[in-house]
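Chain by chain, the residues:
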2 protein chains.
Amino acid sequence: MGRRVLAIAGGVGGAKLALGLYRTLPSADLTVIVNTGDDDVFHGLHVSPDLDTVMYTVAGVSNREQGWGLEGETFRTMERLGVLGGETWFRLGDRDLATHLRRTELLASGLTLSQVTLELCSRLGVACTVAPMADEPVRTMVETDEGELAFQRYFVERRCEPRVKGVRFQGAECARPSPAFRESLDAADVLVFCPSNPFVSIGPVLAVPGVRDAIAGFRGTRVAVSPIIGGQAVRGPAAKMFAELGEEASCTAVALRYRGLCDVFVLDETDASSADAIEKLGMTAVVAPTLMVSEEDKARLARVVVAAV
Amino acid sequence: MGRRVLAIAGGVGGAKLALGLYRTLPSADLTVIVNTGDDDVFHGLHVSPDLDTVMYTVAGVSNREQGWGLEGETFRTMERLGVLGGETWFRLGDRDLATHLRRTELLASGLTLSQVTLELCSRLGVACTVAPMADEPVRTMVETDEGELAFQRYFVERRCEPRVKGVRFQGAECARPSPAFRESLDAADVLVFCPSNPFVSIGPVLAVPGVRDAIAGFRGTRVAVSPIIGGQAVRGPAAKMFAELGEEASCTAVALRYRGLCDVFVLDETDASSADAIEKLGMTAVVAPTLMVSEEDKARLARVVVAAV
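About the cut-offs
- Residues numbered from 1 in each chain as written.
- Chains lettered and ligands numbered in written order.
- Predicted model: local features only at pLDDT ≥ 70, side-chain atom pairs only at ≥ 80, totals over all residues.
- Helix = DSSP H or I, 4+ residues; strand = E, 2+ residues; numbered from the N terminus.
- Rg over C-alpha atoms; globule rule 2.2 N^0.38 Å.
- Contact = placed C-beta atoms within 7 Å.
- Nonpolar A, V, L, I, M, F, W, Y, C, P; charged D, E, K, R; others polar.
- Pairing = 2+ DSSP bridges.
- Axes fitted to C-alpha atoms, helices over the stretch in contact; angles between N-to-C directions.
- Buried ≥ 20, exposed ≤ 12 C-beta atoms within 10 Å, placed from the backbone.
- Right-handed = clockwise from strand over helix to strand, strands pointing away.
- Core = buried A, V, L, I, M, F, W, Y, C linked by C-beta atoms within 7 Å.
- Least-squares fit on C-alpha atoms with pLDDT ≥ 70 in both.
- Expected span 1.5 Å × (residues − 1).
- Arc of directions from axis to C-beta.

1. Quick notes on the overall build of chain A
Per the secondary structure count, chain A includes 13 helices and 14 strands. Here chain A has a C-alpha radius of gyration of 18 Å; the compact-globule value for 309 residues is 19 Å, and the two agree. Here the C-alpha coordinates of chain A stretch approximately 60 × 45 × 40 Å along the principal axes. A sequence separation of at least 24 residues applies to 66% of the contacts in chain A between residues at least 6 apart.

2. Structural notes on the interface of chain B and chain A
On the chain A side, the residues contacting the 24 residues of chain B number 24 residues. Where the side of chain B that touches chain A is concerned, the elements lending two or more residues are α3 (76-83), α4 (94-108) and α5 (113-124) of chain B. No other element matches α4 of chain B, which puts 10 residues into the side of chain B that touches chain A. Classifying every residue of the side of chain B that touches chain A by side-chain character gives 8 nonpolar, 8 polar and 8 charged.

3. Structural notes on the sheet that holds strand β5 (residues 129-132) of chain A
Residue and element names in this part refer to chain A. With parallel pairing, 7 strands are arranged side by side in an open sheet as β5-β2-β1-β9-β10-β13-β14. Each end of this open sheet is capped by a strand with a single partner; those strands are β5 and β14 (284-288). Ignoring which end each strand starts from, the neighbouring axes of this sheet average 20° apart. Where strand β2 (residues 30-34) and β5 come together, 4 bridges link them in parallel fashion.

4. So, helix α2 (residues 49-59) of chain A
Residue and element names in this part refer to chain A. Counting buried positions over the 11 residues of α2 gives 10, a clear majority of the element. Taken as a whole, α2 has its buried residues at Pro49, Asp50, Leu51, Asp52, Thr53, Val54, Met55, Tyr56, Thr57 and Val58. Remark: Gly60 follows α2 within two positions and exhibits a positive phi of approximately 75°.

5. Some remarks on the pairing of strand β13 (residues 264-268) of chain B
Residue and element names in this part refer to chain B. The buried fraction of β13 is high, at 4 of 5 residues. As paired elements, strand β10 (residues 221-225) and β13 share 3 bridges and run parallel to each other. Looking at β13, one finds that Ala224 is bridged to Phe265. In this sheet, strand β14 (residues 284-288) lies alongside β13 in parallel orientation, the contact comprising 5 bridges. Bridging from a neighbouring strand, Val266 pairs with Val286 of β14. Between the parallel pair β13 and β14, the chain is carried across by helix α12 (residues 275-280), and the sense of this crossover is right-handed.

6. Some thoughts on unusual backbone geometry
Residue and element names in this part refer to chain A. Positive phi is not limited to glycine here, since Arg159 has a value of about 50°. Positionally, Arg159 belongs in the loop between α6 (151-157) and β8 (164-170). The exposure class of Arg159 is exposed, given the 9 C-beta atoms found within 10 Å.

7. With respect to the nonpolar core
Generally speaking, a soluble globular protein has its nonpolar side chains buried in company with each other. Among the nonpolar cores identified, the biggest contains 197 residues, and Ala7, Ala18 and Val192 of chain A together with Ala7 and Ala18 of chain B are the most heavily contacted of them. Aside from chain neighbours lying at most four places away, what touches Ala7 of chain B is Leu17, Ala18, Leu21, Leu30, Val32, Val192 and Cys194 of chain B.

8. Here we look at the environment of Glu244 of chain A
Residue and element names in this part refer to chain A. Relative to the elements of secondary structure, Glu244 occurs in helix α10 (residues 238-244). Along the backbone, Glu244 and Glu148 are 96 residues apart, and their C-alpha atoms lie at a distance of 15 Å. Every residue in contact with Glu244, bar those within four places of it in the chain, is listed here: Arg163 and Val164.

9. With respect to the sheet that holds strand β6 (residues 139-144) of chain B
All names here are of chain B. The strand order across the open sheet formed by 3 strands is β7-β6-β8, and the pairing between neighbours is antiparallel. Edge strands, defined here as strands with exactly one partner in the open sheet, are β7 (147-150) and β8 (164-170). Across this sheet, the average inter-strand angle for adjacent strands is 25°, counted without regard to direction. Note: β6 against β7, 4 bridges, orientation antiparallel. Paired with Thr144 across the bridge in β7 is Gly147. Helix-sheet contacts for helix α8 (residues 198-207) involve β6 and β8, and the interaxial angle to β8 is about 40°.

10. Examining the environment of Leu301 of chain B
Residues and elements named next belong to chain B. With respect to the element layout, Leu301 can be found in helix α13 (residues 295-307). Taking the C-beta count within 10 Å as the criterion, Leu301 has 24 such neighbours and is therefore assigned buried. For the pair formed by Leu301 and Arg95, sequence separation is 206 residues and the distance between their alpha carbons is 31 Å. Leaving out residues up to four positions away in the same chain, Leu301 has contacts with Leu17, Gly20, Val225, Ala288, Thr290 and Met292.

11. Notes on the environment of Phe218 of chain B
All names here are of chain B. By the secondary structure assignment, Phe218 is in the loop between α9 (211-216) and β10. Placed 100 residues apart in sequence, Phe218 and Leu118 show a C-alpha to C-alpha distance of 25 Å. Each residue touching Phe218, except ones within four places of it in the same chain, is listed here: Leu185 and Leu191.

12. Describing the relation of the copies chain B and chain A
What connects the two chain copies is a rotation about an axis and a shift along it. Between chain B and chain A, the superposition needs a rotation of 180° and an axial shift of 0.0 Å, giving an RMSD of 0.0 Å. This pairing of chains is accounted for by a two-fold axis. Relative to the rotation axis, the closest C-alpha in chain B is found at Asp94 of chain B, a distance of 3.3 Å. Taken together, the interface assignments show that 100% of the residues at the interface of chain B recur at the interface of chain A, consistent with an identical surface on both copies.

13. Things to note about helix α13 (residues 295-307) of chain A
Residues and elements named next belong to chain A. An ideal rise of 1.5 Å per residue puts 18 Å on 13 residues; α13 measures up with 18 Å between its terminal C-alpha atoms. Looking only at α13, the buried set comprises Lys298, Leu301, Ala302, Val305 and Val306. Axial view of α13: buried residues confined to an arc of 135°, hence all on one face. Exposed side of α13, more than 90 degrees from the buried face: Glu296 and Ala307 are the residues found there. Buried residues along α13 sit in contact with α1 (12-24), β9 (190-193), β10 (221-225), β13 (264-268) and β14.

Below, the structure is given as structure tokens:
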């Protein structure tokens, strides 16, 4: 067994690096811990968008164009649900629905979200460990100028348009790291913060009691990859959130949020001039191409991350 | 308002006559009360097969070839559910799934099955009243030589192959006729037993406390249409059940089961020789073509039923 890697991921950006790591490392050496603050219940079904994005991406069945959901998806159930007066703003594909039905059914039978994820991964042929950050429900609530919105309402229904005033993680105080997360925090040699939104993808993970301390005292090397490139998020509302919360959207601002939790900070070539500022935060700055478009980009960034240790 | 008709229906045969009545009568004059003993929960979703068959048929969106389900159906969610290790013997179509998701969601919100059915019918453009026999759960359990099977296990998974020893209606003792059923039992001028399986389609309705007495004391005229033609069921296990329960499958055997609950018994021309035996049971025997293949067949049989009164 080589160096064991614990990757902490949110949605699409996290899934891309997780795929790169999966292709680069022996699968037994990789544990991907995924944000579940985005989880919600639609039509009675437990939907875990970030877990699904990571599972589908690593399994090679994700829709590569949109970065989430399954390839070759259709929306016949959703279209019909609209006819019947159901809510359709959160569009669940026909094939994707099977995941939510199965997850909900297995949860109702008494399995934990970790156990259900293990079963789904096994069926999808995912050979590394993919696990939720916690088995207890944590819900990311976005405080906005239109009031507090559950994450998917903010993200999907309102398209990140409301101005963000803060974020809180409902239920986090009753959560604890999932078994795979605890084990990996103890045993891994490398911890990677994938290039995910620091507020709503990594934030919920750090809000689980004990996680921040465990990462602060982590035995190995901690590497973070900036999700901000040239002041912009590759996708999603990270840059907009920084601005609305009164901070400049920059890789340095991301690094600041990881102070005390990170040894090596990987920033994009575009931001090379920020390397000094990041080093001053007590981290080793590694400048590399971080934009992941092709499959090769993902594997290359994974190699950069592992080599940076 | 003309003569008000209360039709009691099970699955496909019942739905056919219900459609004939719907096309023949002013919709305000027709109430269709449907068996819910077939209801079950699949993947956490409340499925009401007979209600759906009646709703879809009357709305004109049913699959005309198979007689149940929606036209133009696909099974993408089911196929995927199989990949994920879920049970797939009860095949739910992608468009059909929307009905079950919506029903389950509305039930979870606190509506009764009657209220949910009203909402679904309204969305589907069904102008007559379609309601469950009861809002409380009643589950038809089939006692067989392989042990007791929930109805769908017997009917769909085991294709009616096990030998039937009896039928019971779990929960019936706690059920009561739905509001629409009670109102119609009081106010209708004609009560029609559609040509549905007497054991597992009409049986559960008659097992709801109070129904048998209300029908025995019904103010208007009660008409039954035989689901057995020439010793055979048009579809489903009715003839096989009669045989396994030690009775000859015949329209006379059906009529025997309605003794005291029926004034007019409609039998097929094939069985004209049974008319005398049926008259001896105290019913008026009406011989007519009862096989419903075309749309015109359904309307014609509906006219026969209404004219027989």
